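Summary of structural features
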Amino acid sequence: MSGPAGSGIEVRSVSRSFWSGREEIRALADVSLTAHKGEVVGLLGPNGAGKTTLLRILATLLRPDSGSARVNGYDVIEDAMEVRRSIGYLSTRTGVYGRLTPLEIMDYFGSLHRMSPSMIAERTEMLFGRFDLWKLASLRCEELSGGNQQRVSLARALLHDPPVLILDEPTTGLDVIAAATTIGFIDISRDLGCCVLFSTHVLSEAEKLCDRIAILHEGEIRADGTLEELRERTGQRFLEDIFLHLAAGSVLQPGASGQGPGCA
Ligand SMILES: Nc1ncnc2c1ncn2[C@@H]1O[C@H](COP(=O)(O)OP(=O)(O)OP(=O)(O)O)[C@@H](O)[C@H]1O
Ligand SMILES: [Mg+2]
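Residues numbered from 1 in each chain as written. Chains lettered and ligands numbered in written order. Predicted model: local features only at pLDDT ≥ 70, side-chain atom pairs only at ≥ 80, totals over all residues. Heavy atoms only, no water.

Across its full length, the chain holds 9 helices and 10 strands. Computed over its C-alpha atoms, the radius of gyration of the chain comes to 19 Å, within 12% of the 18 Å expected for a compact globule of 264 residues. Oriented by its inertia axes, the alpha-carbon framework of the chain measures out at about 55 × 40 × 40 Å. Put simply, the chain has 264 residues, and 52% of those count as buried. By sequence separation, contacts in the chain at least 24 residues apart represent 65% of the contacts at least 6 residues apart. Roughly 12,500 Å² of accessible area belongs to the chain as shown, and the carbon and sulfur atoms make up 49% of that amount. For the chain, the distance from the average site of its 27 positive side-chain charges to the average site of its 34 negative ones is 4 Å. (Helix = DSSP H or I, 4+ residues; strand = E, 2+ residues; numbered from the N terminus. Rg over C-alpha atoms; globule rule 2.2 N^0.38 Å. Buried < 20%, exposed > 50% of the residue type's maximum accessible area, 1.4 Å probe, protein only. Contact = heavy atoms within 4.5 Å. Areas by Shrake-Rupley, 256 points an atom, 1.4 Å probe, with all protein chains shown as cover. Lys, Arg positive; Asp, Glu negative; His and termini not counted. Charge placed at Lys NZ, Arg CZ, Asp CG, Glu CD.)

Written out as structure tokens, the structure is:
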């Protein structure tokens, strides 16, 4: 499904604050970002940088205070329903319905997306095969481990074959095999023309997968470019050092990688 003029993700000068009593927490300050069809953009940033807030705005779960955003050509406020149809969204807190089995979840969400039973069956076959979910297909989700629930959530997010994927830390909690599968799936989705924006704390994932990387810190985009562009801009070779340079403000000496604090 392709939207009107333009596609992918376009964020223009988005700001969003939260209030804790009288104290304003500026989660996003004038953020602009684009991700095109056939492109994977990684969103990196320390805890509290604003990544989830941005992804929730794009998923229409939160309204920006100012600025605008379009997903698959649709405005996140004015065309929220179209945006929801256009995206596969995975949040860090995406729950599965504990009483349902993975198969029932696919049927339920497939019918919400108005998919035909044969289309639900076809996509489920492919996704359960890929994420190795058939052996769990008839168990109640509340019986599954956290990582296996995450696999179900991911399969559910991808069920309707959306043109835009918005994934908040998609590999957190997954074992090495499931994480690699997820990364592989994102890679294939890009080749099929999807636009993918995902957040991660795993820098090696971003390094391996992303066409562009955006670094968010204290609600502001500190840098946005290809790995090569970020290297040139910071004079650092490794993404960990680039990240620390831009997000932590500390310039590491060559070879200091891995000696400093945790990377994200
Ligand atoms: N619902 C909320 N109410 C109040 N403050 C919030 C809310 N959601 C986010 N914040 C604040 O907004 C800021 C950005 O949070 P956000 O969850 O977007 O960060 P993040 O980059 O996703 O962090 P993490 O890497 O820990 O997931 C933080 O200061 C957070 O405390
Ligand atoms: Mg987050």
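Now, onward.
Right, let's get into the pairing of strand S4 (residues 66-71). The pairing of strand S1 (residues 9-20) with S4 spans 5 bridges and is classified as antiparallel. When the sheet's bridge partners are listed, Ser15 is paired in S4 with Ser66. Taken together, the 2 bridges between S4 and strand S5 (residues 74-75) define a ladder with antiparallel strand orientation. By the bridge assignment, Arg70 is partnered in S5 with Asp75. (Pairing = 2+ DSSP bridges.)

Considering all chains together, one arrives at 5 aromatic pairs under this definition. Ring geometry for Phe128 against Trp134: centres 5.1 Å apart, planes inclined by 65 degrees, an arrangement best described as edge-to-face. You can call Trp134 partly exposed: its relative accessible area is 38%. Taken together, a centroid distance of 5.7 Å and an interplanar angle of 35 degrees make the contact between Phe131 and Phe185 tilted. With Phe131 in the loop between helix H4 (117-130) and helix H5 (146-158) and Phe185 in helix H6 (residues 176-191), the pair connects residues that are 54 residues apart, well separated along the chain. With relative accessibility at 3%, the residue Phe131 sits in the buried group. In this arrangement the basic side chain of Arg156 is found over the ring face of Phe109, its NZ or CZ atom lying 4.8 Å from the centre. (Phe/Tyr/Trp six-rings, centres within 6.5 Å; stacked < 30°, edge-to-face > 60°. Lys NZ or Arg CZ within 6 Å of the ring centre and 35° of its normal.)

It is worth spelling out the sheet that holds S4 at this point. Ordered by their spatial adjacency, 4 strands build an open sheet running S2-S1-S4-S5, and the pairing between neighbours is antiparallel. Two strands lie at the open edges of the sheet, namely strand S2 (23-35) and S5, each paired on one side alone. Along the sheet, helix H1 (residues 51-58) contacts S1, S2 and S4; its crossing angle with S1, the most-contacted strand, is approximately 120 degrees. (Axes fitted to C-alpha atoms, helices over the stretch in contact; angles between N-to-C directions.)

The values reported here are purely geometric and, on their own, carry no functional implication.
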